[in-house]
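Observations on chain architecture
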Amino acid sequence: MELLEQRIRKDGIVKEGNVLKVDGFLNHQMDVSLLKAMAEQWRADFAGKPINKILTIEASGIGIAAIAGLVFDVPVLFAKKSKSINIDGSVYCSRVHSFTHKVDSDVIVSKKFLDANDHVFIIDDFMANGCAMNGLIEICEGAGATVEGIGIAIEKGYQGGGDALRERGFVVDSLAIVESMDAETGEIEFR
Ligand code: 5GP
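Described in the following lines is the structure provided in the data block. In this text, all values refer to a predicted model and were calculated from it rather than measured experimentally.

**Points about the packing of aromatic side chains**
One pass over the structure, following the stated rule, counts three aromatic pairs. Between Trp-42 and Phe-121 the ring centres are 5.9 Å apart and the planes differ by 75 degrees, which places this aromatic pair in the edge-to-face class. Within this pair, whereas Trp-42 is found in helix α2 (residues 32–45), its partner Phe-121 is found in strand β7 (residues 119–127), the two being separated by 79 residues in sequence. The pair formed by Trp-42 and Phe-121 is uniform in burial state, with each residue classed as buried. The ring of Phe-99 is capped by Lys-102, whose NZ or CZ atom sits 4.4 Å from the centre of that ring.

Here's what the structure looks like:
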């Protein structure tokens, strides 16, 4: 998506450790007009799919998913990072390794809000190795819900998470795919 690539070129900052910082417009301060344009692109790309729910993971996916929820006119559910375990069996749970914080955490979704009738569009701000996405897919599988597609704002293509999911048959719609980036020069190349 040209608009997003332009904005990443203008305001994205390449950090050491393979991290692209886009906190001026995407996941800290948010440019909601841009988020709306992104959601409209996803809606066009998934036109005709029976999506009735959007699922994301806290925290940085929530803003993007909320605007997409408005555009798709469906409820938005986010997996919570939780320290308490699933004693009474009331939640779906998955263990996710955080790319940015380098720790594992359990993420949970209440069984009240996801079941086999759901046709889910999963959204996140970034895809790197695919751990966050795999966790959300596992939660959908646990619920018997159908994953209709995966919408990613920025995929770092060279980290392989997106392509591994495509090989498994998932439709991964990344609005910008970074092919390479250089912390020294600040240069970013898109696929
Ligand atoms: P994965 O689980 O695919 O390895 O990493 C995706 C998750 O890590 C996303 O939820 C995102 O919050 C975070 N993440 C991965 N790479 C980046 C990055 O380059 N910049 C930022 N800001 N977050 C990232």
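After that view, the rundown keeps rolling.
**Some words on helix α4 (residues 131–143)**
For an α-helix, the turn length of 3.6 residues means that residues three or four places apart are oriented alike. With 13 residues, α4 extends 19 Å between its outermost C-alpha atoms, agreeing within 8% with the 18 Å of an ideal straight helix rising 1.5 Å per residue. When α4 is considered as a whole, its buried residues turn out to be Ala-132, Met-133, Gly-135, Leu-136, Ile-137, Ile-139, Cys-140 and Ala-143. At the C-terminal side of α4, Gly-144 shows a positive phi close to 75 degrees.

**Considerations on a negative patch on the surface**
Taken together, the side chains of Glu-16, Asp-182, Glu-184, Glu-187 and Glu-189 make up a negatively charged region of the molecular surface. Here Glu-189 lies in strand β10 (residues 188–190).

**Examining the site of the ligand**
Within the structure, the ligand sits among 17 residues, and Leu-20, Asp-124, Ala-128, Gly-130 and Lys-156 are positioned closest to it. One nitrogen or oxygen atom from the main chain of Leu-20 is found 2.8 Å from a nitrogen atom belonging to the ligand. Taking Ala-128, its main chain carries an N or O atom lying 2.8 Å from an oxygen atom of the ligand. Protein burial of the ligand: of its 510 Å² of free accessible surface, 90% is covered by the chains. Mapped onto the shell around the ligand, the elements with two or more residues apiece are β2 (19–21), β7 and α4.

**Description of the packing of α2 against helix α3 (residues 62–72)**
Interaxial distance between α2 and α3 falls to 9 Å at its minimum, and their mutual angle equals 55 degrees. Comparing their axes, α3 and α2 come out oblique. For the element pair α2 and α3, the recorded crossing hand is right-handed. Every residue of α3 that contacts α2 at Val-32, Leu-35, Lys-36, Met-38, Ala-39, Glu-40, Trp-42 and Arg-43 is listed here: Gly-63, Ile-64, Ile-67, Ala-68, Val-71 and Phe-72.

**Here we look at the sheet that holds β7**
Strand order in the open sheet formed by eight strands is β5-β6-β4-β3-β7-β8-β9-β10, and the pairing between neighbours is mixed. Bordering the open sheet on either side are β5 (91–97) and β10, each of which pairs with just one other strand. Between one strand axis and the next, the sheet turns by 30 degrees as a mean value, whatever way the strands run. Sheet topology note: the strand β3 (residues 53–57)/strand β4 (residues 76–82) ladder contains four bridges and is parallel. Across the sheet, residue Ile-57 finds its bridge partner in β4, namely Ala-79. Along the sheet, α3 makes contact with β3, β4 and β7, crossing β3 at roughly 175 degrees. Lying on the sheet, α4 is in contact with β3, β4, β5, β6 (104–110), β7 and β8 (146–156); it crosses β5 at an angle near 160 degrees.

Criteria and thresholds
Residues numbered from 1 in each chain as written. Predicted model: local features only at pLDDT ≥ 70, side-chain atom pairs only at ≥ 80, totals over all residues. Heavy atoms only, no water. Phe/Tyr/Trp six-rings, centres within 6.5 Å; stacked < 30°, edge-to-face > 60°. Helix = DSSP H or I, 4+ residues; strand = E, 2+ residues; numbered from the N terminus. Buried < 20%, exposed > 50% of the residue type's maximum accessible area, 1.4 Å probe, protein only. Lys NZ or Arg CZ within 6 Å of the ring centre and 35° of its normal. Expected span 1.5 Å × (residues − 1). Patch = residues over 30% accessible without salt bridge, like charges linked within 9 Å, V, L, I, M, F, W, Y side chains within 5 Å. Areas by Shrake-Rupley, 256 points an atom, 1.4 Å probe, with all protein chains shown as cover. Salt bridge = Lys/Arg side-chain N within 4 Å of Asp/Glu carboxyl O. Lys, Arg positive; Asp, Glu negative; His and termini not counted. Charge placed at Lys NZ, Arg CZ, Asp CG, Glu CD. Near = heavy atom within 4 Å. Polar contact = N/O pair within 3.5 Å; in protein donor to acceptor, adjacent residues only side chain to side chain. Axes fitted to C-alpha atoms, helices over the stretch in contact; angles between N-to-C directions. Parallel < 35°, antiparallel > 145°, perpendicular 65-115°, else oblique. Left-handed = near helix turned anticlockwise from the far one by under 90°. Contact = heavy atoms within 4.5 Å. Pairing = 2+ DSSP bridges.

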